[in-house]
Amino acid sequence: MIVNHEEFRTYVQSRGAALLRVANQLTGNPCDAEDLLQTALARTYVAWDRIRDRSSLDGYVRRAMVNINISWWRRRKLEVFPSDDLPDVPVQQDARHRYDELEQALDRLPARQRTAIVLRYYEDMTEPEIARTLGISVGTVKSSVSRGMAKLRGDLVVPDAGERVN
């Protein structure tokens, strides 16, 4: 195996932060995101000499992260039961706070819904692409995205100016 170490290092330095954001959105946990990205980059390193089209590297790493994350889900024996009742949280208008709220709301979604939403709206993948990537039907993608978005809307509702937040 002949790997251009400097080329790989340059790629990781230039794209690492963006890829870590995607990993964080997929896992919902910063520590798991770092592990996920590191594992995906290790697989990319091993396959480096087989990747001819360097413009597709981000797609290769993202696909690896999704596949690894799915493997991790399948190995986990824990079940998460999301609640339909969300706590009332005061809404603040500052942009950074809203971004943090969105990240927290994404973290509260079940893994499949979170992944489907991240791939659809952050990675701009089509429903058939998501279905192939996750190994599920297009209908399951649609329902996962729909249910996840409904939960996010309920979690991130901004009250009218005259409405009081408890």
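Computed from a predicted structure; not experimentally measured. (Residues numbered from 1 in each chain as written. Predicted model: local features only at pLDDT ≥ 70, side-chain atom pairs only at ≥ 80, totals over all residues. Heavy atoms only, no water.)

## Some details on the packing of helix α6 (residues 127–134) against helix α7 (residues 138–155)
So, point 1. For the pair α6 and α7, the least separation of the axes is 8 Å and the interaxial angle reads 105 degrees. Between α6 and α7, the angle falls in the class roughly perpendicular. In this structure, α6 uses Glu127, Pro128, Ile130 and Ala131 to contact α7, whose residues at the interface are Val138, Val141 and Lys142.
So, point 2. Of the residues that constitute the contact of α6 with α7, the class distribution is 5 nonpolar, no polar and 2 charged. (Axes fitted to C-alpha atoms, helices over the stretch in contact; angles between N-to-C directions. Helix = DSSP H or I, 4+ residues; strand = E, 2+ residues; numbered from the N terminus. Parallel < 35°, antiparallel > 145°, perpendicular 65-115°, else oblique. Contact = heavy atoms within 4.5 Å. Nonpolar A, V, L, I, M, F, W, Y, C, P; charged D, E, K, R; others polar.)

## Overview of the nonpolar core
So, point 1. Ranked by internal contacts, the top residues of the largest apolar core, which has 31 residues, are Tyr11, Leu26, Leu36, Leu37, Val61, Met65 and Leu134.
So, point 2. Elements with a contribution of two residues or more to this core: α1 (5–27), α2 (30–47), α3 (57–75), α5 (111–122), α6 and α7.
So, point 3. The dominant element in this core, judged by the number of residues it contributes, is α3, at 8 residues.
So, point 4. Setting aside its immediate chain neighbours within four residues, Leu37 contacts Gly16, Leu19, Leu20, Ala23, Val61 and Met65. (Core = buried A, V, L, I, M, F, W, Y, C linked by side-chain atoms within 4.5 Å. Buried < 20%, exposed > 50% of the residue type's maximum accessible area, 1.4 Å probe, protein only.)

## What about unusual backbone geometry?
Leaving glycine out, the prevailing phi sign among residues is negative, and the prevailing peptide bond configuration is trans.
So, point 1. The phi angle at Asp124 is positive, at roughly 55 degrees, despite the residue not being glycine.
So, point 2. Topologically, Asp124 is positioned in the loop between α5 and α6.

## Side note on the environment of Phe8
So, point 1. Structurally, Phe8 is set in helix α1.
So, point 2. A C-alpha to C-alpha distance of 7.2 Å links Phe8 and Tyr45, two positions 37 residues apart in sequence.
So, point 3. With near-sequence residues (within four places) excluded, Phe8 lies in contact with Leu41, Thr44, Tyr45 and Trp48.

## Details of the packing of aromatic side chains
So, point 1. In this structure the tally under the stated criterion is 3 aromatic pairs.
So, point 2. A cation over a ring is seen here: Arg120 above Tyr121, with NZ or CZ 5.7 Å from the ring centre. (Phe/Tyr/Trp six-rings, centres within 6.5 Å; stacked < 30°, edge-to-face > 60°. Lys NZ or Arg CZ within 6 Å of the ring centre and 35° of its normal.)

Fair warning: the whole summary comes from geometry, so function is off the table for now.
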